[in-house]
Amino acid sequence: MSVQNVLNLIKEKNIEWVDFRFVGLSGKAQHISLPATEVDEETFVNGVAFDGSSIPGFRGIEQSDMVMMPDTETAYVDPFTAHPTLIIMSNIHTPEGERYDRDPRSIAQKAEEYLQTTGVGTTAFFAPESEFFIFDDVRFENGMNKSYFEVDSEEAGWNTGRKEEGGNLGYKVPVKGGYVPVAPIDSQQDIRSEMCNKLADAGLRIERHHHEVATAGQAEINFRFDTLTKTADNLLKYKYIVANTAREYGKVATFMPKPLFGDNGSGMHVHMSIFDGTEPLFYEKGAYANLSEMAINYIGGILYHAPALIALTNPSTNSFKRLVPGYEAPVNLVFSKGNRSAAVRIPIAAVTPKGCRIEFRTPDSTANPYLAFAAMLMAGLDGIKKKIDPRALGYGPFDTNIYEMSDAEKAEIRSVPGTLDEALDALAADSEFLTEGGVFTQDFIDNYIDLKRGEAKQVAIRIHPHEYNLYFDC
């Protein structure tokens with residue numbers, strides 16, 4: 001979409017405000033709104049200024065001035081504002097006009113540019129499956145003398161005996177019993193459909209939606225794959241529309257990986273493939289799971305670099321509450337066709353040559369999608385460049401249920417890091433694959449590690465309520 005087309009859209013839709021957005025290191029969107037009457041061609045040449053020192057992990061107060069450079073291709077009408085508003089994503093530049101090397105969106109674009117310089121292919125496609133919970137009530141507090149959280153849902157399995165409903169209507173979702181039941185057990189068909197309608201109006205091609213495995217309103221909506229940066233843009237759009245549609249229904253949506261103890265967490269399985277023009281490069285008929293050697297090497301890169309990669313794809317302390325055995329969590333660093341207990345799965349049902357892809361199941365939605373997708377692509381390309389063979393390294397294929405293997409057999413399988421600190425240690429020790437082609441800078445990686453270690457420390461020094469169960473009467 002050209003600048004003129006955006007200006008025409010502002011007139012056609014009677015837009016009153018233009019909301020310019022960028023993304024910080026956390027992956028959360030930030031925004032500044034300008035009156036539509038103040039937006040003209042010069043706005044897209046000069047950009048929109050903002051204070052970078054107020055964004056964690058960006059710049060110090062002595063270098064605070066930064067500029068959002070709008071990307072007209074991302075424009076869409078906000079479905080929630082009372083005053084007609086147009087949303088436009090932006091890249092971050094310095095006042096001197098240079099692309100800021102800590103801007104996640106610019107890093108994603110540099111990863112796509114690097115792919116084209118390698119001669120491997122022209123385009124990498126990504127498709128995330130971002131799961132979430134829809135709750136009716138969320139309460140949490142952390143203070144000197146108390147710390148707790150409490151969530152509730154009208155369909156939660158723990159509410160079979162609740163009287164506050166004015167007559168309990170039953171049909172609750174059992175623990176691990178929420179995968180695709182019909183109504184009245186699935187009570188959230190309409191809210192998910194409304195989310196999908198709004199997403200479609202905003203430009204996403206919706207493929208399906210359904211209730212997920214966990215009790216208490218776990219859901220999934222799938223949208224069509226696209227190129228790396230566009231998919232990351234779409235994921236921010238997806239999270240924004242899901243969260244605000246839930247709010248319109250008097251509910252709250254969360255993409256937190258593990259909001260409930262004892263049931264499945266929410267992941268973000270990421271499907272990937274590489275094309276050369278219109279030719280799919282991951283397909284080879286008759287090979288294992290119809291995968292080409294290039295695809296096998298790409299998997300090798302993902303699994304070899306996985307401990308470091310996970311610092312970017314699972315970047316929260318809560319991520320590692322999900323990455324534990326027993327809840328369909330992909331903790332085993334192996335690959336397999338169709339096997340959901342493996343970190344890398346190759347979908348084989350109803351797959352065409354152009355649909356041939358790999359699925360990295362470990363990530364979750366606390367990841368900044370621009371950074372996570374860029375890092376996955378860089379790991380896979382390193383595997384192709386170095387011809388890393390996951391079969392020779394003991395990464396599979398494993399086509400049996402790993403959770404049912406003996407302890408001796410499991411001991412031979414490498415697992416994901418157990419904590420965020422372990423993942424950050426791995427990233428500190430293994431980051432060269434990210435800096436190829438200047439995609440990630442060492443400054444960015446060092447700054448990112450420091451920022452995330454600070455988050456981990458905040459959690460580590462706080463008293464956990466379960467410690468009272470363990471130690472109060474010691």
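Calculation notes
Each chain has its residues counted from 1, running along the sequence as written. Local features in this predicted model are restricted to residues whose pLDDT is 70 or higher, and side-chain atom pairs enter the listing and the counts only when it is 80 or higher, whereas totals over whole chains, interfaces and linings include all residues. Note: side-chain values were computed over all heavy atoms of the structure, leaving out hydrogens and water. Domain delimitation in this document rests on an assignment produced automatically or drawn from a domain database. Residue contacts follow a heavy-atom distance rule, with two residues in contact if any of their heavy atoms lie within 4.5 Å. Values labelled buried area give the accessible surface lost by two parts on being combined, using a 1.4 Å probe and summing over both. Within this document, salt bridges are pairs made up of a side-chain nitrogen of Lys or Arg and a carboxyl oxygen of Asp or Glu, the two lying within 4 Å of each other. UniProt positions are given in the numbering used here, feature names are shortened, and annotations may be inferred rather than shown by experiment. In this analysis a 1.4 Å probe is tested at points of a 1 Å grid over the protein atoms alone, and where it fits but cannot get out there is a cavity; an open set with protein on both sides within 12 Å along at least five of seven lines is a pocket; lining residues have an atom within 4 Å of a point. A run of DSSP states H or I qualifies as a helix once it reaches four residues; a run of E qualifies as a strand once it reaches two. Both are numbered from the N-terminal end. A simple rule labels every residue: compare its accessible area, found with a 1.4 Å probe on the protein chains alone, to the largest value its type can have, and call it buried under 20%, exposed over 50%, or partly exposed in between. Whether two strands pair depends on DSSP finding at least two bridges between them. For Phe, Tyr and Trp, where Trp contributes only its six-membered ring, two rings pair if their centres lie within 6.5 Å, and the inter-plane angle classes them as stacked under 30 degrees, edge-to-face over 60, or tilted in between. In this analysis the charged atom, NZ for Lys or CZ for Arg, is taken to sit over a ring once it is within 6 Å of the ring centre and within 35 degrees of the ring normal.

(A) Spatial organisation of the domain arrangement of the chain. What the domain assignment reports for the chain is domain 1 (3-100) and domain 2 (123-469). Listed per partner, the contact involves 16 residues of domain 1 and 17 residues of domain 2. Of the roughly 1400 Å² buried at the junction of domain 1 and domain 2 (both faces included), carbon and sulfur atoms supply 68%. The largest share of the area that domain 1 buries against domain 2 comes from Leu25, Tyr76 and Phe80, three residues that together contribute 47% of it. Across the contact surface, domain 1 and domain 2 share zero salt bridges.

(B) The UniProt feature "binding site: L-glutamate" (unreviewed entry) in the chain, seen in detail. Here, UniProt's "binding site: L-glutamate" (unreviewed entry) annotation points to Asn264, Gly265, Arg322, Glu328, Arg340 and Arg361. Residues from the named set that contribute to the lining of the second largest pocket are Asn264, Gly265, Arg322, Glu328, Arg340 and Arg361. Mapped onto the elements of the fold, asparagine 264 is located in the loop between strand 13 (252-254) and strand 14 (268-276). Asparagine 264 sits in the buried class, given a relative accessible area of 5%. Note that arginine 361 resides in the loop between strand 18 (358-360) and helix 9 (369-385).

(C) The pairing of strand 6 (residues 85-93), seen in detail. Summarising burial for strand 6: nine of the nine residues are buried, a large majority. Taking every second residue as pointing to the same face, both faces of strand 6 are buried, with Thr85, Ile87, Met89, Asn91 and His93 on one and Leu86, Ile88, Ser90 and Ile92 on the other. In terms of strand pairing, strand 1 (residues 17-23) meets strand 6 through five bridges, oriented parallel. The partner of phenylalanine 20 across the bridge, within strand 6, is isoleucine 88. Pairing of strand 4 (residues 65-70) with strand 6 involves four bridges; the strand directions are antiparallel. Counterpart to valine 67 in the pairing with strand 6 is histidine 93. Note: strand 5 (residues 76-77) against strand 6, two bridges, orientation antiparallel. From the neighbouring strand, valine 77 faces strand 6, where its bridge partner is leucine 86.

(D) How the structure looks around the packing of aromatic side chains. Tallied over the full model, the rule gives 18 aromatic pairs. Pairing phenylalanine 133 with phenylalanine 135 gives two aromatic rings, centres 5.4 Å apart and planes at 20°, and the pair type is stacked. Each member of the pair, phenylalanine 133 as well as phenylalanine 135, is classed as buried. The rings of Phe22, Phe50, Phe58 and Tyr100 are connected pair by pair, giving a single aromatic cluster. In this structure, lysine 237 is placed above the aromatic ring of tyrosine 76, and the distance from its NZ or CZ to the ring centre is 4.5 Å. Directly above the ring of phenylalanine 255 sits lysine 239, whose terminal nitrogen or CZ lies 5.3 Å from the centroid.

(E) The arrangement of the UniProt feature "binding site: ATP" (unreviewed entry) in the chain in detail. Under the local residue numbering, the UniProt record ascribes the feature "binding site: ATP" (unreviewed entry) to Glu207, Phe223, Arg224, Phe225, His271, Met272, Ser273, Arg340 and Lys354. Within the annotated group just given, the residues that line the second largest pocket are Glu207, Phe223, Arg224, Phe225, His271, Met272, Ser273, Arg340 and Lys354. Relative to the assigned elements, glutamate 207 resides in strand 10 (residues 206-211). With respect to the secondary-structure elements, phenylalanine 225 resides in the loop between strand 11 (218-223) and strand 12 (226-227).

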